[in-house]
Amino acid sequence: YITAAIGWQRAGAPDDAERCWRAALGLLDGIHQPMFDRALARARAALARRWAAAHPADARTAAGEALTWYRAAGGYDREVAELAKIAALP
């Protein structure tokens, strides 16, 4: 689903990309293994960006959950800055 979401994004089909990001989130959210944490954070971050304008409450939640991983992993300063802004939306 992540590969499909990236493909849809690059093809300029944001609704299809969102559908795939949601599907990825649905699968990954129930897996509690560290090897999948990066993919889960990526799906949450993508959805947070997508929802920022139309669904700020959902965007805040997704951004906050993604931030936990990005901050702990380190080396993702740009992503952390972007997601922190989304997490702080009113």
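In what follows, the structure referred to is the one given above.
Residues numbered from 1 in each chain as written. Predicted model: local features only at pLDDT ≥ 70, side-chain atom pairs only at ≥ 80, totals over all residues. Heavy atoms only, no water.

**Q** Would you mind showing me how to read helix α4 (residues 56-73) here?
**A** Note that an α-helix has 3.6 residues per turn; residues three or four places apart therefore point the same way. Given a rise of 1.5 Å per residue, 18 residues ought to cover 26 Å, and the 25 Å separating the end C-alpha atoms of α4 matches this to within 8%. Among the residues making up α4, those that are buried are Ala59, Ala62, Ala63, Ala66, Leu67 and Tyr70. The elements touched by buried residues of α4 are α3 (37-51) and α5 (77-87). Taken from the residues just after α4, Gly74 is the one with a positive phi, measuring 75°. (Helix = DSSP H or I, 4+ residues; strand = E, 2+ residues; numbered from the N terminus. Expected span 1.5 Å × (residues − 1). Buried < 20%, exposed > 50% of the residue type's maximum accessible area, 1.4 Å probe, protein only. Contact = heavy atoms within 4.5 Å.)

**Q** Can you help me understand the side chain of Glu18 in this one?
**A** Structurally, the position occupied by Glu18 is in helix α2 (residues 14-28). What makes Glu18 buried here is its relative accessible area of 15%. Within the structure, the side chain of Glu18 is placed 2.9 Å from the side chain of Trp51, a separation counted as a polar contact. Residues in contact with Glu18, not counting those within four places in the same chain, are Leu47, Arg50 and Trp51. (Polar contact = N/O pair within 3.5 Å; in protein donor to acceptor, adjacent residues only side chain to side chain.)

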